[in-house]
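Examination of the molecular architecture
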Amino acid sequence: MTRFMDVHHGMQGITAQQLQQGHDATVAVEREEGVHFEHAWADPESGTVYCLSEGPSAEAVQRAHERGGGGVPDEIHAVPLSV
């Protein structure tokens, strides 16, 4: 499994409740795509949301977002190294 950081743009003004709702919606379908969403962060001022997940592919992460309704990411980056 690979870790992925996906990025959503254009979400200015997002609230903690909206971030949680989007995360929960995506988590609801994660097993069906073989993905596990670990955490989400947001900057309401810039409208940027970051999601950390683990899964078999960027395509699986994309499908989980699309199916869950948590907002489709603009970017998905594999992050195979961490310290």
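In this text the structure is predicted, and so the values were computed from the model without any measurement.

Time to look at the pattern of salt bridges. One pass over the full model with this rule turns up four salt bridges. A salt bridge links Glu33 to Arg67; the shortest N-O distance between them is 3.1 Å. Here Glu33 is found in helix 2 (residues 30-33), whereas its partner Arg67 is found in helix 3 (residues 58-68), with 34 residues between them in sequence. Within the structure, one salt-bridge network assembled from shared partners comprises Glu32, Glu33, Arg63 and Arg67.

Moving on to helix 3. Of the positions making up helix 3, those classed as buried are Ala60, Val61, Ala64, His65 and Gly68. For helix 3, the buried positions fall inside an angular range of 140 degrees around the axis, keeping them on one side. Two residues or fewer past helix 3, Gly69 is found with a positive phi of approximately 80 degrees.

How each quantity is defined
- Residues numbered from 1 in each chain as written.
- Predicted model: local features only at pLDDT ≥ 70, side-chain atom pairs only at ≥ 80, totals over all residues.
- Heavy atoms only, no water.
- Salt bridge = Lys/Arg side-chain N within 4 Å of Asp/Glu carboxyl O.
- Helix = DSSP H or I, 4+ residues; strand = E, 2+ residues; numbered from the N terminus.
- Buried < 20%, exposed > 50% of the residue type's maximum accessible area, 1.4 Å probe, protein only.
- Arc of directions from axis to C-beta.

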